[in-house]
Amino acid sequence: MMENYQTPRGTQDLLPEATRKWQKVEDLIRNLCDVYGYEEIRTPVFEDTRVFKRENDSSDMVNKEMYTFSVHGEDSLTLRPEGTAGVVRSFVQHKMYGRLEMPAKLYYMGEMFRYERPQKGRYRQFNQFGIENIGMKSSLIDAEVIALGYSIVKALGLSQVKVLINTLGDDESRAAYRGALREHFKDSVGELCADCQRRYEQNPLRLLDCKVDNEHPSMQNVPSLQQYLTPESKAYFDQVLAALDVLEIPYEIDDKLVRGLDYYTHTVFEVVSTHPESGSQATVFAGGRYDGLVEYFGGPEMSGVGFAMGLERLMILAEAEQVELGEEASLDVYVMALGNVGTLPLALATECRAAGYHTEFNIQPRSLKAQFKSVDRRKARVAVIAGESEAANHQVNVKFIEQQRQITIDQDELIATLDAYFQAEGEEEA
């Protein structure tokens with residue numbers, strides 16, 4: 001008895017009608033990254049666990065969601081749950097800081113893995129696009145990074161989004177704020193979830209990111225981090241906001257926005273969907289600035305900033321806003337076969353493909369009417385008809401579908417005929 005195998009829980013198959021849409025989005029992202037001067041970097045899908053699990057990290061990702069394993073006595077390895085750490089590791093390992101003009105502008109696109117409860121827009125294997133701008137600290141760079149992500153969202157056609165932004169300040173600011181949070185929650189921490197009790201000890205800023213206890217009374221009057229910012233941190237944040245104003249990117253300051261990873265400093269942001277169908281999975285992309293991460297991996301003291309964008313979530317939001325993506329590609333040429341013409345349709349199709357034309361050919365013995373149905377379904381612009389009598393004379397019939405015009409030519413004239421036709425069509429469209 002054959003087993004009925006299914007995709008593992010938390011994964012999905014992307015069938016051709018879906019991958020067409022993904023390819024359109026990926027092409028748009030790559031084009032805008034090129035415009036902004038970002039270059040692609042590709043890192044392994046698994047790393048030494050210590051790349052992600054840094055000392056006393058309080059994030060849920062590190063503590064509960066990583067796929068970690070060891071093979072044949074090797075050191076502990078982890079499937080990458082996010083992109084930043086691997087990119088920074090690579091930046092340091094290959095000493096990019098010594099041979100590239102700073103800042104280094106990098107982007108990645110690929111699979112990530114987190115053990116989470118699967119739900120709409122959240123998978124255990126998921127795809128993420130992200131950028132990292134490493135090497136310089138500037139409020140203008142923070143604004144540019146947000147602008148790139150915002151440009152992608154707008155170019156895709158999403159209109160119901162808003163930018164949420166906050167600052168975590170410098171080390172001194174965060175230390176003062178952590179003390180204030182511990183004092184604020186000291187009498188109520190026992191009423192909070194087990195994760196929050198752990199966060200209280202490790203990093204009380206993570207309490208503000210809790211989805212379980214966000215309605216607890218202690219969460220309603222949390223002191224604002226803005227009160228604990230050093231003058232330098234406040235000035236830096238004001239400069240970021242001023243730059244966003246110049247770029248005419250609307251934003252809201254969210255005092256409780258802390259992001260889910262412990263390495264963030266200063267600017268943090270989320271761009272969220274306001275569409276009614278977005279539900280709990282409303283984040284379109286999110287990120288922030290990180291000081292100390294390059295140094296952690298053995299590099300010089302350098303700052304970085306970036307964001308990550310979940311592509312599954314992006315596709316769901318595009319569908320919710322009824323953005324048209326990836327219509328089925330039309331054919332340039334469909335080669336039809338009538339009678340016993342042997343391998344001629346394959347030979348003609350191969351010749352057309354070599355010339356750059358998107359071409360398919362008839363394989364099964366079918367009537368002329370049935371083959372013209374394929375021409376219509378595939379939206380072919382030209383039909384090349386290879387019949388027995390034409391084949392005997394080294395000829396083919398060429399039908400231009402839109403004009404409903406048909407000619408007979410020698411086989412060796414086929415590519416020149418197609419070139420002339422498609423060139424004329426292009427000039428008319430221009």
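Notes on the structure follow. This one's a predicted model, so the numbers in the text were calculated from it and none came from an experiment.

### A closer look at the overall build of the protein chain
Consideration 1: Helices and strands together make up the secondary structure of the protein chain, namely 15 helices and 16 strands.
Consideration 2: A compact globule built from 430 residues would reach a C-alpha radius of gyration of about 22 Å, whereas the protein chain, at 28 Å, exceeds it by more than 25%.
Consideration 3: C-alpha atoms of the protein chain, sized along the principal axes, occupy 90 × 60 × 45 Å.
Consideration 4: Counting only residues that meet the buried cut, the protein chain has 50% of its 430 residues in that class.
Consideration 5: A sequence separation of at least 24 residues applies to 70% of the contacts in the protein chain between residues at least 6 apart.
Consideration 6: The averaged location of the 68 negative side-chain charges in the protein chain is 4 Å from the averaged location of its 46 positive side-chain charges.

### Quick word on the sheet that holds strand S16 (residues 405–410)
Strand pairing in a sheet takes place through backbone hydrogen bonds and is either antiparallel or parallel in direction.
Consideration 1: As summarised here, the arrangement of the 5 strands in space is S13-S12-S14-S15-S16, forming an open sheet in which the pairing is mixed. Every interior strand has two partners, whereas the edge strands, strand S13 (359–361) and S16, have only one. Averaged over neighbouring strand pairs, the angle between their axes works out to 20 degrees when direction is ignored.
Consideration 2: On top of the sheet, helix H12 (residues 344–354) reaches strand S12 (333–338), S13, strand S14 (382–387) and strand S15 (395–400); it is set at about 175 degrees to S13, its chief contact.
Consideration 3: Contacts from helix H13 (residues 368–377) reach S12, S14 and S15 within the one sheet, and its direction differs from that of S12 by about 170 degrees.

### Regarding the pattern of salt bridges
Consideration 1: For the coordinates displayed, the defined rule picks out 13 salt bridges.
Consideration 2: The shortest N-O distance in the salt bridge between Arg 174 and Asp 171 comes to 2.4 Å. Linking Arg 174 with Asp 171, this pair stays in helix H6 (residues 171–185), spanning 3 residues, or about one helical turn.
Consideration 3: A relative accessible area of 9% places Arg 174 in the buried class.

### A closer look at the pairing of S16
Consideration 1: Relative to S16, S15 is paired through 6 bridges, and the arrangement is antiparallel. For Gln 395, the partnering residue across the bridge sits in S16 and is Asp 410.
Consideration 2: Connecting the antiparallel pair S15 and S16 is a turn made up of 4 residues, with Gln 404 showing a positive phi of about 50 degrees.

### Some details on helix H9 (residues 231–246)
Consideration 1: If you check H9, its first and last C-alpha atoms are 23 Å apart, about what 16 residues at 1.5 Å a residue would give, namely 22 Å.
Consideration 2: Glu 248 sits one or two residues past H9 and shows a positive phi near 60 degrees.

### A short note on the packing of helix H1 (residues 16–35) against helix H11 (residues 311–320)
Consideration 1: Relative to each other, H1 and H11 sit at 110 degrees, their axes nearing to 11 Å. Compared by their axis directions, H1 and H11 come out roughly perpendicular. For the pair formed by H1 and H11, the contact residues are Lys 21, Trp 22, Val 25, Glu 26 and Ile 29 on the first element and Leu 311, Glu 312, Leu 314 and Met 315 on the second.

### Looking at the sheet that holds strand S5 (residues 104–113)
Consideration 1: The strand order S1-S5-S6-S11-S10-S9-S7-S8 describes an open sheet built from 8 strands, whose pairing is mixed. Every other strand in the sheet has two partners, leaving strand S1 (39–40) and strand S8 (251–253) as the edge strands with one partner each.
Consideration 2: In the packing of helix H5 (residues 139–156) onto the sheet, contacts are made with S5, strand S6 (125–134), strand S7 (161–167), strand S9 (265–273), strand S10 (283–291) and strand S11 (303–310), and the angle to S11 comes to roughly 15 degrees.
Consideration 3: Where H9 meets the sheet, its contacts fall on S7, S8, S9 and S10, and the angle it forms with S7 comes to roughly 160 degrees.

### Observations concerning the side chain of Ser 173
Consideration 1: Its location among the elements puts Ser 173 in helix H6.
Consideration 2: Judged by relative accessible area, which is 0%, Ser 173 ranks as buried.
Consideration 3: A polar contact of 3.4 Å, which involves the side chain of Ser 173, links it to the side chain of Ser 233.
Consideration 4: Setting aside residues up to four positions removed in sequence, Ser 173 forms contacts with Leu 168, Tyr 228, Leu 229, Thr 230 and Ser 233.

### Examining the packing of aromatic side chains
Consideration 1: All told, the structure shown has 12 aromatic pairs when counted by the stated rule.
Consideration 2: The interplanar angle of 85 degrees and the centroid separation of 5.0 Å between the aromatic rings of Tyr 296 and Phe 297 together place this pair among those described as edge-to-face.
Consideration 3: On the basis of relative accessibility, which here comes to 39%, the residue Tyr 296 falls in the partly exposed class.
Consideration 4: Under the relative-accessibility criterion, Phe 297 is labelled buried at 18%.
Consideration 5: Here the aromatic rings of Tyr 421 and Phe 422 are separated by 5.2 Å at their centres, their planes lie at 75 degrees, and the arrangement is edge-to-face. Both residues of the pair, Tyr 421 and Phe 422, belong to the buried class.
Consideration 6: Here the aromatic residues Tyr 107, Phe 129, Phe 269, Phe 285 and Phe 307 are joined through ring pairs into a cluster of three or more.
Consideration 7: In this structure, Lys 137 packs its charged tip against the face of Tyr 236, placed 5.5 Å from the ring centre.

Rules behind the numbers
- Residues numbered from 1 in each chain as written.
- Predicted model: local features only at pLDDT ≥ 70, side-chain atom pairs only at ≥ 80, totals over all residues.
- Heavy atoms only, no water.
- Helix = DSSP H or I, 4+ residues; strand = E, 2+ residues; numbered from the N terminus.
- Rg over C-alpha atoms; globule rule 2.2 N^0.38 Å.
- Buried < 20%, exposed > 50% of the residue type's maximum accessible area, 1.4 Å probe, protein only.
- Contact = heavy atoms within 4.5 Å.
- Lys, Arg positive; Asp, Glu negative; His and termini not counted.
- Charge placed at Lys NZ, Arg CZ, Asp CG, Glu CD.
- Pairing = 2+ DSSP bridges.
- Axes fitted to C-alpha atoms, helices over the stretch in contact; angles between N-to-C directions.
- Salt bridge = Lys/Arg side-chain N within 4 Å of Asp/Glu carboxyl O.
- Expected span 1.5 Å × (residues − 1).
- Parallel < 35°, antiparallel > 145°, perpendicular 65-115°, else oblique.
- Polar contact = N/O pair within 3.5 Å; in protein donor to acceptor, adjacent residues only side chain to side chain.
- Phe/Tyr/Trp six-rings, centres within 6.5 Å; stacked < 30°, edge-to-face > 60°.
- Lys NZ or Arg CZ within 6 Å of the ring centre and 35° of its normal.

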